[in-house]
Structures are given as structure tokens and as C-alpha cells.
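Residue-level structural notes
Given next are the chains, with one letter for each unit.
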Amino acid sequence: MSDARYDIVAIGNAIVDVIARADEGFITDNGLRKGSMQLLFSTDEAETLYAKMGPGVETSGGSAANTLAGLAALGLRCGFIGQVADDQLGRVFAHDMRAQGVRFDTAPRAGEPATARCLIVVTPDGQRTMNTFLGASQFLPATALDREMIAAAEILYLEGYLWDPEEPRAAMRDAIAVARAAGRRVAFTLSDVFCIERHRDSFRQLLADGLVDILFANENELLSLEESDDFEAALAAVAARVPTLVVTRSEQGAIAVQNGERAAVAAEPVTQVVDTTGAGDLFAAGFLAGQAEGRSLGDSLVMGAVCAAEVISHVGPRPQADIKAMVAARLG
């Protein structure tokens, strides 16, 4: 029996999402990359785009934080480490995390920049285009790590989005060392092709050094990591370098390879795709929950698919229905 006091502890961007609908012309007119994430490098840039957006819905987000919201909804014990500013959005984020049962004790940062926000434009096909001002989140120092909580978690989960800024990258490397010293597993999500383009060698080195136990990627990220256009070849190459590889393929479902065992799951049926924001995050939640509970590779994939299907059926990156009951009904 595990001595872990937490199932999952995650480190990621602490972000408040602003989600608004727009037509295809908005994407073109503002030079956005549809279906991807791009960074906004100043408060002015973020405010200019925000002013052009239509009425929006504000909700706490951030990739790893969304995953933890799903995990908490599934009944797992979770903790989050991420940097907010001492401002209104920072207080909103902290409240939302704690209200969902996630431990969040990272002290807010005084002064500028403000708490991070992600401006998400959703087109009629349900595709989301994210424009992120990282704000305070990119200043997470190693001194903010709750090392005792990390060492007490069955799995440490890290998001690639936070690998970009130097300070949180160093903090995550320290966290990996703490988890490894405690005999814990480390999960890592590649997050986005742009992250891979900037840090491909660094991500490859993490795998080569055996520092990642569970790697999450979507199909495009997998191909980018291997600089390949051959999915099966890329899958085999990366699977040989990590104990568990999970690759999502949108409407084609997902594939996982774990110590040579391969499993696949079809996408769960959805009446209408409303907003794909958080689909990968909630897939990771379901899969990680299955792994933390000692379920099979196939059942873990099913849990991921169920959670992803729920979140794309409504606006917002966090579950609104009872995903625990949905998983129970699906697996019997």
C-alpha cells in the first residue's frame, strides 16, 4: 500500500481564462493561429486583444490546474503549486482551487506583473485559440515549492507551458529531484507544439535522463518532438524512451504504450462539440486518476476519454457534470 498522502501534486501556470465566441474572420483579422496557443508579452498587448473580444466568461484555468480540477472531481487527493499576484484575479484563482478541494498554499507575489490570464477565442466549430499573458505565473521561484507535499504525492505532474520561463523551469527541475528522491513518479505534458519548438532538446534530455515516467502529447506534439511526419514511427521512438506514453488524437481517440503494452480507446460520443478548451487537460485527469488507482492501461484511457468528452460539451475548461459518476457508469 502506498504511503502517499496525495495522489497528484501539480506545478503549472496559475491563470484565469476569459472565453469568448468569435467567427473565423476574427482569427484572421487579428493574426491568430487557430487551434494553438500564443504568448502575449505585455499587459498592453493583452488589453488590446481583450478589448476586441465579445462578451466573455471568466473562469480559473491553466493546464495543470484544470487537470487537478478534474482529478479532484474524481475524488483524488490533490495539491497545486503555482504563482499568482496579490490582486483580485489571484484571489479568484486561489478561491476556485480550494473550493474544488485542491490544496493551494503558494504565497501571492506582490507588485507587478498581474495574475496571468488566457484570452480564449472559440470559433463556431468549437475549436479554441488561446492567447496567454503569463504575468505573475512565470515568476514561480524554487523557494515557493512545498517540498514536503511533493515528496508525499504518488505522482508529480508538470506542464510544458511553464517550462518556458527560466525561474519556474528551475523550480520544476528541483521538484523532479524531490519526487525522485522520494521514490515518486513524474508525469509531464508537452502542452503545445510551440513549447516543443522552443525546448525540443531539453524535453528529449528529460526522457534520455529517465526523469519522466508518464508523458502526455497530442498527435501534432508527438510528431514535432520527433521532427517526423510518420505517426507510428514517432510513437515507437518516443515509447522506447519513457515507461508510459499517452497520445491523444482528437476524434480518433487516444493511444497509450506502457512498458511495451499498447492500448487504444475511441473518442467518446458527444452530441455537440461546444468548446475544446481543456480537452487534453481533462483527458490527462482521467488517465492519471486511473493510474493512481492502479487501474489497467485500457481503463485509464477510457477514464480519460470520458472526462475529455464531458468538458468539450460545454464552455469552460473544467468539468460541470459528475464525471465520477460518468466514469463509474462507463466502466461498470
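Residues numbered from 1 in each chain as written. Predicted model: local features only at pLDDT ≥ 70, side-chain atom pairs only at ≥ 80, totals over all residues. Heavy atoms only, no water.

Some words on the overall build of the protein chain
What counts, and what does not: Think of it this way: any DSSP run of H or I at least four residues long counts as a helix, any run of E at least two long counts as a strand, and we number them from the N terminus. The classification of residues rests on relative accessible area computed with a 1.4 Å probe and restricted to protein chains. Under 20% of the type maximum is buried, over 50% is exposed, and intermediate values are partly exposed. The contact criterion used throughout is that any non-hydrogen atoms of two residues lie within 4.5 Å. A 1.4 Å probe and the Shrake-Rupley method give the accessible areas. Residues count as covered only by the protein chains that appear here. Neither His nor the chain ends is counted toward charge; the positive residues are Lys and Arg and the negative residues Asp and Glu. By convention, the point assigned to a charge is CZ for Arg, NZ for Lys, CD for Glu and CG for Asp.
Along its length, the protein chain carries 12 helices and 14 strands. Projected onto the principal axes, the alpha-carbon positions of the protein chain cover approximately 50 × 45 × 40 Å. Counting every position in the protein chain, which comprises 332 residues, the buried fraction comes to 58%. Within the protein chain, residue pairs in contact and separated by at least 24 positions form 74% of the contacts whose partners lie at least 6 positions apart. Approximately 13,300 Å² of the protein chain is accessible, and the part contributed by carbon and sulfur atoms is 48%. Distance between charge centroids for the protein chain: 4 Å, based on 28 positive and 45 negative side chains.

Here we look at the sheet that holds strand β7 (residues 116-122)
Strands pair in a sheet through their backbones, by hydrogen bonds, and they do so in one of two ways: parallel or antiparallel. To be explicit about the condition: Pairs of strands are assigned from DSSP output, requiring at least two bridges between the strands. Lines fitted to C-alpha atoms define the axes here, with helix axes fitted over just the stretch in contact, and angles between the N-to-C directions of these axes take values from 0 to 180 degrees.
Taken together, the five strands give an open sheet; going across it, the order is β3-β8-β7-β2-β4, and neighbouring strands pair in mixed fashion. The sheet is open, and its two borders are formed by β3 (37-40) and β4 (56-61), each paired with just one other strand. For this sheet, the mean inter-axis angle between neighbouring strands, taken without regard to orientation, is 25°. Note: strand β2 (residues 15-21) against β7, seven bridges, orientation parallel. Residue arginine 21 lies in a different strand from β7, and its bridge partner there is valine 122. Against the sheet, helix α4 (residues 88-99) makes contact with β2, β4 and β7, and its axis sits at roughly 65° relative to β4, the strand it touches most.

A short note on the UniProt feature "domain: Carbohydrate kinase PfkB" (unreviewed entry) in the protein chain
To be explicit about the condition: UniProt positions are given in the numbering used here, feature names are shortened, and annotations may be inferred rather than shown by experiment.
In the UniProt entry, the feature "domain: Carbohydrate kinase PfkB" (unreviewed entry) is given for residues 56-319. End C-alpha atoms of residues 56-319 are separated by 18 Å, and the span's content is 40% helix alongside 22% strand.

As for the layout of surface pockets
To be explicit about the condition: Both cavities and pockets are sets of points on a 1 Å grid over the protein atoms alone; in a cavity a 1.4 Å probe fits but cannot get out, in a pocket the set is open with protein on both sides within 12 Å along at least five of seven lines, and lining residues sit with an atom within 4 Å of a point. Grid points are joined across faces, edges and corners, and a volume is the space filled by probe spheres set on the points. Side-chain classes are defined by residue name, with Ala, Val, Leu, Ile, Met, Phe, Trp, Tyr, Cys and Pro counting as nonpolar, Asp, Glu, Lys and Arg as charged, and the others, Gly among them, as polar.
Of the volumes computed, that of the second largest pocket is approximately 180 Å³. The set of elements that each furnish at least two residues to the lining of the second largest pocket consists of β2, α2 (43-52) and β7. Of the residues forming the lining of the second largest pocket, the biggest block, four residues, is contributed by α2. Among the residues making up the lining of the second largest pocket, the classes are represented as seven nonpolar, one polar and three charged.

Points about the pattern of salt bridges
Opposite charge on two side chains permits pairing when their charged atoms draw close. For the record, the criterion: Basic side-chain nitrogens of Lys or Arg form a salt bridge, by our definition, when they fall within 4 Å of a carboxyl oxygen of Asp or Glu.
Considering all chains together, one arrives at 19 salt bridges under this definition. Across the pair arginine 147 and aspartate 174 runs a salt bridge whose closest N-O atoms are separated by 3.6 Å. You can see arginine 147 sitting in helix α5 (residues 147-151) and its partner aspartate 174 sitting in helix α6 (residues 166-181), a full 27 residues away along the chain. Assessed through its relative accessible area of 39%, arginine 147 is described here as partly exposed.

Digging into the environment of serine 202
Following the sequence through the fold, serine 202 ends up in helix α7 (residues 193-208). Every residue in contact with serine 202, bar those within four places of it in the chain, is listed here: Trp163 and Arg173.

Considering the pairing of strand β11 (residues 214-218)
Applicable threshold: Here, the term right-handed applies to a crossover whose path from the first strand over the helix to the second runs clockwise when the strands point away from the viewer.
Within β11, four of the five residues are buried, which leaves it mostly tucked inside the rest of the structure. In this sheet, β11 lies alongside strand β10 (residues 185-189) in parallel orientation, the contact comprising three bridges. Bridge pairing links phenylalanine 188 to leucine 215 in β11. Crossover handedness for the path β10 to α7 to β11: right-handed. The pairing of β11 with strand β12 (residues 244-248) spans five bridges and is parallel. Bridge pairing links asparagine 218 to threonine 248 in β12.

A look at the packing of aromatic side chains
Two descriptors summarise a pair of aromatic rings, namely the distance from one centre to the other and the angle between the planes of the rings. Going by this rule: Pairing of aromatic rings covers Phe, Tyr and Trp, the last through its six-membered ring, and needs centres within 6.5 Å; plane angles under 30 degrees mean stacked, over 60 mean edge-to-face, and all others mean tilted. Only when the NZ of Lys or the CZ of Arg is both within 6 Å of the ring centre and within 35 degrees of the ring normal is a charge said to sit over the ring.
Tallied over the full model, the rule gives nine aromatic pairs. Centroid distance tryptophan 163 to phenylalanine 188: 5.7 Å. Interplanar angle 85°. Geometry classified as edge-to-face. Placement of the pair is tryptophan 163 in the loop between β9 (153-159) and α6 and phenylalanine 188 in strand β10, with a sequence separation of 25 residues. The same class applies to tryptophan 163 and to phenylalanine 188, which are both buried. Here a set of aromatic residues connected by ring pairs shows up, and it is made of Phe80, Phe93 and Phe104. A cation over an aromatic ring shows up here: arginine 109 above the ring of phenylalanine 139, its NZ or CZ 4.5 Å from the ring centre.

Some points on the sheet that holds strand β5 (residues 78-81)
With respect to topology, nine strands assemble into an open sheet ordered β6-β5-β1-β9-β10-β11-β12-β13-β14, the strand pairing being mixed. The two strands at the open ends of the sheet, each matched to only one other strand, are β6 (102-104) and β14 (261-265). Ignoring strand direction, the axes of neighbouring strands in this sheet form an average angle of 20°. Sheet topology note: the β9/β10 ladder contains five bridges and is parallel. When the sheet's bridge partners are listed, isoleucine 155 is paired in β10 with arginine 185. Across the sheet, helix α3 (residues 63-73) touches β1 (6-11), β5, β6 and β9, and the angle it forms with β5 is around 165°. Across the sheet, α4 touches β5 and β6, and the angle it forms with β6 is around 145°.

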